[in-house]
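# Working through the structure, step by step
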Amino acid sequence: MARKKAQGDTKPSAKKPNQSRLSSAERSALFARRESAKVLRTILQGDARRQAVGSIKSLVYSPSVRNKRATYALVCQTLKYLPVIKDVFHTANVLSSKWKRQEELMYIILYDILFGQEALLAGDAEKFLLQKKDVLQAALAKLLVRKKVKHVSDLMTSYKISDLPKPRYARVNTLKMDVESALVEFKKQYEVCQDAMVPDLLIFPPRTDLHDHPLVKSGSVFLQGKASSMVAVALGPKPRWEVIDACAAPGNKTVHLAALMKGNGKIIACELNKERVKRLKDTVELAGATNVEVKHEDFLNMSPEDPAYSKVQAILLDPSCSGSGTVVDRLDHLLPSYTAESDVNRLEKLAAFQRKALEHALSFPAVERIVYSTCSINQVENEDVIKSVLPLASSYRFELTTIFPQWPRRGHPIFDGSQHVLRTDLIEDQEGFFIALFVRKGVSPPGKHIRDVGNTLRRAVQRRKKRKINSFFLLRTLGLLL
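Residues numbered from 1 in each chain as written. Predicted model: local features only at pLDDT ≥ 70, side-chain atom pairs only at ≥ 80, totals over all residues. Heavy atoms only, no water.

### Quick word on the overall build of the protein
Here is the rule: Numbering of helices and strands starts at the N terminus; helices are DSSP runs of H or I of at least 4 residues and strands are runs of E of at least 2. The classification of residues rests on relative accessible area computed with a 1.4 Å probe and restricted to protein chains. Under 20% of the type maximum is buried, over 50% is exposed, and intermediate values are partly exposed. Note on contacts: a residue pair qualifies if any of its non-hydrogen atoms lie within 4.5 Å across the two residues. Per-residue accessibility takes into account occlusion by the displayed protein chains alone, with areas from the Shrake-Rupley method and a 1.4 Å probe.
Looking only at helices and strands, one finds 18 helices and twelve strands in the protein. Residue burial in the protein is summarised as follows: out of 482 residues, 52% are buried. The contacts in the protein between residues at least 6 apart in sequence include a share of 73% that link residues at least 24 apart. Here the protein displays about 23000 Å² of accessible surface, and carbon together with sulfur accounts for 52% of that area.

### Section: the UniProt feature "active site" (unreviewed entry) in the protein
Heads up, the condition is: UniProt positions are given in the numbering used here, feature names are shortened, and annotations may be inferred rather than shown by experiment.
Following the UniProt record, one finds the feature "active site" (unreviewed entry) at C375. When you line up the elements, C375 lands in the loop between β9 (369–374) and α16 (383–395).

### Digging into the pairing of strand β10 (residues 398–401)
To be explicit about the condition: A pair of strands is considered paired only if DSSP assigns at least 2 bridges between the two.
What you see with β10 is a clean split: F398 and L400 sit on the buried side and E399 and T401 on the side with no burial. Direction of pairing for β10 relative to strand β12 (residues 434–440): antiparallel, over a ladder of four bridges. Across the sheet, the residue bridging to T401 is L437, located in β12.

### A look at the confidence of the model for the protein
Note the cut-off: For every residue, the predictor assigns a confidence score, pLDDT, that lies between 0 and 100.
Here the protein shows a mean pLDDT of 84. Residues at 70 or above account for 80%. A low-confidence stretch, residues 445–458 stays under pLDDT 50, and its non-local contacts, those more than four residues away or across chains, total nine contacts.

### Here we look at the packing of aromatic side chains
To be explicit about the condition: Two rings belonging to Phe, Tyr or Trp (six-membered ring only in the last case) form a pair when the distance between their centres is within 6.5 Å. Interplanar angles under 30 degrees mark stacking, angles over 60 mark edge-to-face geometry, and anything in between is tilted.
Per the counting criterion, the structure on display carries eleven aromatic pairs. Between Y81 and Y111 the ring centres are 5.6 Å apart and the planes differ by 45°, which places this aromatic pair in the tilted class. Here Y81 is found in helix α3 (residues 68–92), whereas its partner Y111 is found in helix α5 (residues 103–115), with 30 residues between them in sequence. The exposure class assigned to Y111 is buried, which follows from its relative accessible area of 9%. Here the aromatic rings of F186 and F204 are separated by 5.0 Å at their centres, their planes lie at 85°, and the arrangement is edge-to-face. Separated by 18 residues along the polypeptide, F186 in helix α9 (residues 179–187) and F204 in strand β3 (residues 201–204) bring together distant segments of the chain. An identical accessibility class is assigned to F186 and F204; each is buried.

### Looking at the state of the cysteines
This is how the line gets drawn: Disulfide: a pair of cysteine sulfur atoms within 2.5 Å of each other.
All told, the structure shown has zero disulfides when counted by the stated rule. Not engaged in a disulfide, the cysteine C270 finds its nearest cysteine sulfur in C247; these two sulfurs lie 7.9 Å apart. According to the relative accessible area criterion, C270 is buried, its value standing at 0%.

### Notes on the nonpolar core
Condition: We define the nonpolar core as a collection of buried residues of types Ala, Val, Leu, Ile, Met, Phe, Trp, Tyr and Cys that are connected through side-chain atoms lying within 4.5 Å of one another.
Among the nonpolar cores identified, the biggest contains 43 residues, and V88, F89 and L129 are the most heavily contacted of them. Put simply, the parts of the chain that give this core at least two residues each are α1 (24–49), α2 (56–60), α3, α5, α6 (124–131) and α7 (133–147). Examining the composition of this core, we find that ten residues originate from one element, α3, more than from any other.

### A look at the pairing of strand β7 (residues 292–296)
Going by this rule: By convention a crossover is right-handed if, when the strands point away from the viewer, the path from the first strand over the helix to the second runs clockwise.
With five bridges joining them, strand β6 (residues 266–271) and β7 adopt parallel strand pairing. What sits directly across from I268, in β7, is E293. In this view, the connection linking β6 to its parallel neighbour β7 by way of helix α13 (residues 274–287) has right-handed handedness.

### Some points on unusual backbone geometry
Cis geometry marks the peptide bond from A249 to P250, where omega comes out at 5°. Mapped onto the secondary structure, P250 falls in the loop between β5 (242–245) and α12 (252–260). The backbone of K262 sits at a positive phi, close to 55°, despite the residue not being glycine. You can see K262 is positioned in the loop between α12 and β6.

### Digging into the pattern of salt bridges
Opposite charge on two side chains makes pairing possible when the charged atoms of those side chains draw close. Heads up, the rule is: A carboxyl oxygen of Asp or Glu within 4 Å of a side-chain nitrogen of Lys or Arg is what we treat as a salt bridge.
Using the criterion set out here, one finds 16 salt bridges in the structure. A salt bridge links E293 to K295; the shortest N-O distance between them is 4.0 Å. By relative accessible area, which is 32% here, E293 ends up partly exposed. Notably, a salt bridge pairs E383 with R423, separated by 2.7 Å at the nearest N-O pair. Of this pair, E383 sits in helix α16 while R423 is found in strand β11 (residues 422–423), placing the two residues 40 residues apart along the sequence. A relative accessible area of 0% means that E383 is categorised as buried. Look at the salt bridges and you will find they share partners, linking R33, R34, D112 and E126 into a network.

### Observations concerning the sheet that holds β3
On the basis of which strands lie adjacent, the open sheet formed by four strands has the order β2-β3-β1-β4 and antiparallel pairing. With one partner strand each, in any of the chains shown, β2 (193–194) and β4 (221–222) form the two edges of the open sheet. When strand β1 (residues 168–172) meets β4, the two strands line up antiparallel, connected through two bridges. Opposite V172, over in β4, you have V221 as the bridge partner.

### With respect to the packing of helix α11 (residues 226–235) against α12
Using the following cut-off: Lines are fitted to the C-alpha atoms to define the axes, a helix being fitted only along its stretch in contact, and any angle between axes, read from their N-to-C directions, falls within 0 to 180 degrees. Between 65 and 115 degrees an angle is taken as roughly perpendicular, under 35 as roughly parallel, over 145 as roughly antiparallel, and anywhere else as oblique. We call a crossing left-handed when the near helix sits turned anticlockwise from the far one by less than a right angle, and right-handed when that turn is clockwise. Gly is put with the polar residues, along with every residue not named as nonpolar or charged; the nonpolar set is Ala, Val, Leu, Ile, Met, Phe, Trp, Tyr, Cys and Pro, and the charged set is Asp, Glu, Lys and Arg.
Viewed as axis vectors pointing N to C, α11 and α12 meet at an angle of 45°, and their least axial separation amounts to 9 Å. Considering the angle they form, α11 stands oblique to α12. For the element pair α11 and α12, the recorded crossing hand is right-handed. Contacts from S228, S229, V231, A232, V233 and L235 of α11 reach α12 at K253, H256, L257 and L260. A per-class count over the contact of α11 with α12 returns six nonpolar, three polar and one charged.

The following block contains the structure:
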């Protein structure tokens, strides 16, 4: 019970006479509220700074959170009702400075009092608010009158969570297991099939909960969306290459690169934010990606003339963006700062950074391939950025190259070559991503690359003719699938 005293208890000692008399359900609820308060504090502080440590889901499902399902439900519901909860506290004016210092726990408890499980409330903070229950309910009634509505549901219209059915995607970490083995294991319990475009990606029915599955906990499988999984494949690094992941945290794309490279070569994973560096390191360790070097450094400060980067052949640039393409999946629409219309000034600042980062990537002398990607639907962060760097890219002999030619949705036609870039649609694909690939001219021409792949494939088949292995798995094993 030592962790329960971290928030919301009037005394630091965990040895309270009433604790031993709590039922199992009360103890579980007490602990879940405090875990939820810690997660909620991280979310709200990151949102206030516009510098999130991770998505709501990733924070809740991190290894440090033990009661994941209860915490996830409490955090989401409290965020959903947060405007009402804040107004109720403002009207009731019941919090002393002592309790204001634990406002996230207060938000969680008030949600339970007004809308959740009041019967399971135990703990000093809970008792304090229960004593103020009449005042709090009166404040809620005043709020309904002021807003000229009869029911709380009428206040929440603009905060409802979208319920569009979206498949659950999971990427097999081929550093630890092969796709066929993962399919066999998952088919024991779920409906599952293999994605046609990203061979190490599996598709499950909507709302399939895999967070507690042993393969996910062990790092053999990562919960990663389809569009996100397409980014590393688009870059197509070869096994012995040196690669920079310029804005790497939380690390899903980084470890995907490591898997495509079969754990060989070297990946320099950069991250400026200290808290996100820790998450990046955790992801790398979980994946068993031993060829990844994590650097707590600003990519823009890495000199292309530095001999340490003279052999870098590929750069994955997935810079900070508005996240407008993943608001529902990330649950960002629950955050206080979220508005349907993005702030123009913020978008302009983001685009300026994105353009500067892409220009910097283009300047590395030995680089052959650069992928630029965002999880944004905004043209200013996507096509406008690409268009602005085309003259510079041309001066370095880079040109846009088509990726996933079978994919139907392409870039907005605002420049010559927009058909080469790829978009996913927020409605049709239920996530909005943008991916562009620059390839330096004179390096690995398409015909030669295909012949090289064919020759390597034939040699590998001869070496492995006694093994049964499908062409997708073989290409992925060789790190040559584009």
